[in-house]
There are 2 protein chains.
Amino acid sequence: MARQERAIRTRRTILEAAAAVFDERGYTSATIGEILDRAGVTKGALYFHFGSKEELAVGVFEEQLAITLPPQSTRLQELVDSGLVMARRLRSEPLVRASVGLALDQGAMDLDRTPAFRMWIDQNTQVLGEAKTQGELLQHVDVAETAELLVGSFSGVQLLSQLRCQRQDLERRVVVLFEHFLPSITVPAVLARLDVSADRAERLLAQVRTERAAAAPQEATVPSGA
Amino acid sequence: MARQERAIRTRRTILEAAAAVFDERGYTSATIGEILDRAGVTKGALYFHFGSKEELAVGVFEEQLAITLPPQSTRLQELVDSGLVMARRLRSEPLVRASVGLALDQGAMDLDRTPAFRMWIDQNTQVLGEAKTQGELLQHVDVAETAELLVGSFSGVQLLSQLRCQRQDLERRVVVLFEHFLPSITVPAVLARLDVSADRAERLLAQVRTERAAAAPQEATVPSGA
């Protein structure tokens, strides 16, 4: 195994351990020692990647967005895709689930949880800004306001889905969210072409896995949980 | 003071104490003893109104909806009004704030928090159902889905506003939420007449206070914090 590849795997192992410990014990009670035990790595390895518990939390937050999806012909389709895929990953990837749990953990008083939301708001702001430049959005749309609304609404929708049925209906709820939002911001010609279906995320993730496997055929470690 | 009026005040005192203790200590750690101390009432008085800690929590949840607003010419205006007033009360009434905090407290593992959402979903479902019967909604609207989406989105929007700026911009965010939702569900003739302005809640609450004072001129205890 190449050195770089080994480092990437170690980092991932540490993040998964941190996410699990934060999830089980709460951020405030969790200790670096517990995360080391769980990850089965040395203190030196951990501190090579993360300087503090807070940096571990930021790393866990970053995992929410750590996926590159296939480009689409409209930016709004890419916005929809990232929301649908987030819903799917929340159901299938414990690390993503723990990351969102940490972002919403009211008990984590000593952690600045805003980066978790800001990263995602920034990404949406950028995509919506490009959509506006390309003429996909209605003239009146305030890109920054819409980006914040989308992230806020998604967070609440997934929370309600979690409370009501352990997120079993999350994809459907996110489809409903987009169905209510998009007509208010999208020009009709683009709206008519958007694919907002609950099984789209599954197809996109399969495509990502196929492309990764083709790019690195010797690697058999692409997460297939998604 | 009439006996009934005294009972209403005692109940309110107990609920405010319970909300404050849940807010500060978390539901799981809070004890009936602490709530008694805070409220300054006897054990008998408390158990006359609430049989258990869980019943206290449900009472705190109910306070979110415990307000009657002036009837409007469309049901959708009433839906908007209840959302705007909730935003305003979240900023001005500690009991409402604590109630929402309790509903979102992930640490309260031993409390069924779904009633807090279900009450509000049920109310929205009823109002939207009447709006549909009166021809205010577009034909394709699924009342139950829209009601769930609205409650989920509102919950997330207020959470993000809390994290970003201690809810200082909450009314504005709720206006943005309605501006994105309403065009997708409302027939144009009704949409054009809806008042979705950030200062509307303030005017409605002033009207409620005036009407209450007129109905009971001897009573000077209507909460003016709202």
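Values in this document were obtained by computation on a predicted structure and should not be read as measured data. (Residues numbered from 1 in each chain as written. Chains lettered and ligands numbered in written order. Predicted model: local features only at pLDDT ≥ 70, side-chain atom pairs only at ≥ 80, totals over all residues. Heavy atoms only, no water.)

Caption draft 1: A look at the overall build of chain A. Counting its secondary structure elements, chain A contains 11 helices and zero strands. In chain A, the order of α-helices and β-strands from amino to carboxyl end is α-α-α-α-α-α-α-α-α-α-α. Its C-alpha atoms give chain A a radius of gyration of 19 Å, within 12% of the compact-globule value 17 Å for 226 residues. When its C-alpha atoms are laid out on the principal axes, chain A stretches across 55 × 45 × 35 Å. (Helix = DSSP H or I, 4+ residues; strand = E, 2+ residues; numbered from the N terminus. Rg over C-alpha atoms; globule rule 2.2 N^0.38 Å.)

Caption draft 2: Layout of the packing of helix 9 (residues 170–185) of chain A against helix 8 (residues 143–165) of chain B. It is the contact of helix 9 of chain A with helix 8 of chain B, at a shortest axis distance of 10 Å, that shows an interaxial angle of 90 degrees. In this view, helix 9 of chain A runs roughly perpendicular relative to helix 8 of chain B, as classed from their interaxial angle. Within the contact between the two elements, helix 9 of chain A uses A:Arg172, A:Arg173, A:Val176, A:Leu177 and A:His180 and helix 8 of chain B uses B:Glu145, B:Thr146, B:Glu148, B:Leu149 and B:Ser153. Each residue belonging to the contact of helix 9 of chain A with helix 8 of chain B can be placed in one class, and the counts come to three nonpolar, three polar and four charged. (Axes fitted to C-alpha atoms, helices over the stretch in contact; angles between N-to-C directions. Parallel < 35°, antiparallel > 145°, perpendicular 65-115°, else oblique. Contact = heavy atoms within 4.5 Å. Nonpolar A, V, L, I, M, F, W, Y, C, P; charged D, E, K, R; others polar.)

Caption draft 3: Seen up close, the domain arrangement of chain A. All names here are of chain A. As far as domains go, chain A holds domain 1 (3–62) and domain 2 (67–215). Here domain 1 and domain 2 have C-alpha centroids that lie 26 Å from each other. Tallying the contact residues gives 15 residues for domain 1 and 16 residues for domain 2. Between domain 1 and domain 2 lies a buried interface of about 1200 Å² when both sides are counted; carbon and sulfur atoms form 72% of it. Summed over the shared surface of domain 1 and domain 2, the number is zero salt bridges. Across the domain 1-domain 2 interface, the total number found is two residue pairs in polar contact (both at pLDDT 80 or more). When contributions to the side of domain 1 that touches domain 2 are tallied by element, the ones reaching two or more residues are helix 1 (3–25) and helix 4 (53–62). When its residues are assigned to classes, the side of domain 1 that touches domain 2 shows eight nonpolar, two polar and five charged. (Domains from an automatic or database assignment. Buried area = accessible area lost by both parts, 1.4 Å probe. Salt bridge = Lys/Arg side-chain N within 4 Å of Asp/Glu carboxyl O. Polar contact = N/O pair within 3.5 Å; in protein donor to acceptor, adjacent residues only side chain to side chain.)

Caption draft 4: Focus on the relation of the copies chain B and chain A. If you rotate chain B by 180 degrees and push it 0.0 Å along the axis, it lands on chain A with an RMSD of 0.0 Å. Such a combination of turn and shift is consistent with a two-fold rotation axis. The fraction of interface residues of chain B whose copies in chain A are also interface residues reaches 100%, indicating that both copies meet through the same surface. (Least-squares fit on C-alpha atoms with pLDDT ≥ 70 in both.)

Caption draft 5: Layout of the side chain of A:Ser155. Among the secondary structure elements, A:Ser155 is positioned in helix 8 (residues 143–165). With sequence-adjacent residues up to four places away left out, A:Ser155 is seen in contact with A:Phe117 and A:Trp120.

Caption draft 6: Spatial organisation of the nonpolar core. Grouped together as the largest cluster of nonpolar side chains are 144 residues, with contacts concentrated most on A:Phe22 and B:Phe22. Setting aside residues no more than four positions away along its own chain, B:Phe22 makes contact with B:Tyr27, B:Ala30, B:Ile35, B:Lys53, B:Leu56, B:Ala57, B:Val60 and B:Leu102. (Core = buried A, V, L, I, M, F, W, Y, C linked by side-chain atoms within 4.5 Å. Buried < 20%, exposed > 50% of the residue type's maximum accessible area, 1.4 Å probe, protein only.)

Caption draft 7: Focus on the pattern of salt bridges. All names here are of chain A. Tallied over the entire structure, the rule returns 38 salt bridges over all chains. For the salt bridge of Asp 195 with Arg 203, the shortest nitrogen-to-oxygen distance reads 3.7 Å. Look at Asp 195 and you get partly exposed, because its relative accessible area is 22%. One network of salt bridges, with partners in common, ties together Asp 81, Asp 195, Asp 199, Arg 200 and Arg 203.

Caption draft 8: Spotlight on the interface of chain B and chain A. Taken residue by residue, the interface counts 33 residues in chain B and 33 residues in chain A. For the pair chain B and chain A, the summed buried surface comes to about 2900 Å²; carbon and sulfur atoms form 61% of the total. Where chain B touches chain A, the interface holds six salt bridges. As a salt-bridge pair, B:Arg172 and A:Glu145 come within 2.8 Å of each other at their nearest N and O atoms. Along the contact surface separating chain B from chain A lie 10 residue pairs in polar contact (both at pLDDT 80 or more). Broken down by element, the side of chain B that touches chain A gets its largest block of residues, 14 residues, from helix 8 of chain B. Among the residues making up the side of chain B that touches chain A, the classes are represented as 15 nonpolar, 10 polar and eight charged.

Caption draft 9: Representation of the UniProt feature "DNA-binding region" (unreviewed entry) in chain A in the model. The UniProt record marks residues 31–50 of chain A with the feature "DNA-binding region" (unreviewed entry), using the residue numbering of this structure. Its end C-alpha atoms 14 Å apart, residues 31–50 of chain A is made of 75% helix and 0% strand. (UniProt positions renumbered as here; feature names shortened; annotations may be inferred.)

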